[in-house]
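Spelled out from the first residue to the last, the chains are:
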Amino acid sequence: MAYSATIKRQKQLLIGNGALIMLFGCLIGLAFVFFLIGKIALWPIPGEIVFQLPGTYDAWRMAHMEGLVNGIMLMVVAASIHLIPFSEKALSKISLGLIVIAWANPAASLMDALFENSRGLEMAGPFFNTFAYLLFLPTGLLTLGLLAAIGYRTLKGAPIAEPEK
């Protein structure tokens, strides 16, 4: 199937950001290992820094997985974007929204791992809790809206837009 330049570009943006977000998740995973072992050691590089990273096991695991899962989500959308029944202009906006969501989630989750009492569940407490909340709230609402719109239009059988000229 031949895709328009707009759809090809959206696929590239989604895959590229997905890969970078997964890389971010892997780097968080490396920090997670340092958290677990209580030191920073990169064998075969000699030496180590005995340092216990802050946070909890659950917070580090969640931040690590957020990067991996959100990156994979973008790649799945890239593979199927041509089947989502919206205009190319709308698909560009949907792609941008998903990219923002995919970066915000692991960044907000990392706040919980790095800073005490910073889960971002309410607008209160320390600065990084409020920062995480302000990342989670709008992107959470955006996620619900996008999923509802995509699900409804796709199941309704809306026609897939022809490439715009």
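Just above sits the structure.
What counts and what doesn't
- Residues numbered from 1 in each chain as written.
- Predicted model: local features only at pLDDT ≥ 70, side-chain atom pairs only at ≥ 80, totals over all residues.
- Heavy atoms only, no water.
- Helix = DSSP H or I, 4+ residues; strand = E, 2+ residues; numbered from the N terminus.
- Phe/Tyr/Trp six-rings, centres within 6.5 Å; stacked < 30°, edge-to-face > 60°.
- Buried < 20%, exposed > 50% of the residue type's maximum accessible area, 1.4 Å probe, protein only.
- Expected span 1.5 Å × (residues − 1).
- Salt bridge = Lys/Arg side-chain N within 4 Å of Asp/Glu carboxyl O.
- Core = buried A, V, L, I, M, F, W, Y, C linked by side-chain atoms within 4.5 Å.
- Contact = heavy atoms within 4.5 Å.

Asks: It is not clear to me how unusual backbone geometry should be interpreted in this structure. Could you clarify?
Replies: For residues other than glycine, phi is negative in most cases, and the peptide bonds are mostly trans. Put simply, W43 and P44 share a cis peptide bond, and its omega is 15°. Relative to the elements of secondary structure, P44 occurs in the loop between strand 1 (39–40) and strand 2 (49–50). In this structure, N117 takes a positive phi of about 55° despite not being glycine. Positionally, N117 belongs in the loop between helix 3 (88–114) and helix 4 (127–156).

Asks: Would you take a moment to explain the packing of aromatic side chains for this structure?
Replies: Where two aromatic rings form a pair, the distance of their centres and the angle of their planes describe that pair. The full count for this structure, using the stated rule, is 6 aromatic pairs. Relative to F128, the ring of F127 lies with its centre 5.0 Å away and its plane at 80°, an arrangement referred to as edge-to-face. On the numbers, 6.2 Å between centres and 20° between planes, the contact of F127 with F131 is stacked. Of this pair, F127 and F131 both sit in helix 4, 4 residues apart, which is roughly one turn of the helix. Taking the relative accessible area as the measure of exposure, F127 reaches 58% and is therefore exposed. Overall, the relative accessible area of 34% leaves F131 in the partly exposed class. Taken together, the ring pairs connect F115, F127, F128 and F131 into an aromatic cluster.

Asks: Looking at this structure, how should I read helix 1 (residues 5–37)?
Replies: Each turn of an α-helix holds 3.6 residues, which means side chains three or four residues apart point in the same direction. End to end, helix 1 covers 48 Å across 33 residues, agreeing with the expected 48 Å (1.5 Å per residue, within 8%). Phi turns positive one or two residues past the end of helix 1, at G38, with a value near 75°.

Asks: How should I be thinking about the pattern of salt bridges in this particular structure?
Replies: Once their charged atoms are close, side chains differing in charge can pair, the charge on each being opposite to the other. Across all of its chains, the model carries 3 salt bridges by this definition. Here E48 ties to K39 by a salt bridge, and the two come within 3.2 Å at their closest N and O atoms. Of the residues examined, E48 reaches a relative accessible area of 44% and is grouped as partly exposed. For K39, a relative accessible area of 26% puts it in the partly exposed group. Among the ionic pairs, R119 bridges to D112, the shortest N-O distance being 4.0 Å. Of the residues examined, R119 reaches a relative accessible area of 51% and is grouped as exposed.

Asks: Please clarify how the environment of L83 should be interpreted in this entry.
Replies: Structurally, L83 is set in the loop between helix 2 (57–80) and helix 3. By relative accessible area, which is 48% here, L83 ends up partly exposed. Distance from L83 to P159, taken between C-alpha atoms, is 9.4 Å for residues 76 residues apart in sequence.

Asks: I would appreciate a short explanation of the nonpolar core in the present structure.
Replies: In summary, soluble globular proteins display a tendency toward joint burial of nonpolar side chains. Counting residues in hydrophobic clusters, the biggest one holds 17 residues, and the most contacted among them are L14, L74, L91, I94 and L98. Listing elements by their share of this core, those giving two or more residues are helix 1, helix 2, helix 3 and helix 4. Considering every element that reaches this core, the biggest residue donor is helix 3, with 6 residues. Those residues within four positions of L91 in sequence are excluded, and the remaining contacts are I7, Q10, I81, I84 and F86. Formed by 11 residues, the second largest nonpolar core is a distinct cluster that contains F32, L53, A59 and W60.

Coordinates in, geometry out; function isn't part of it.
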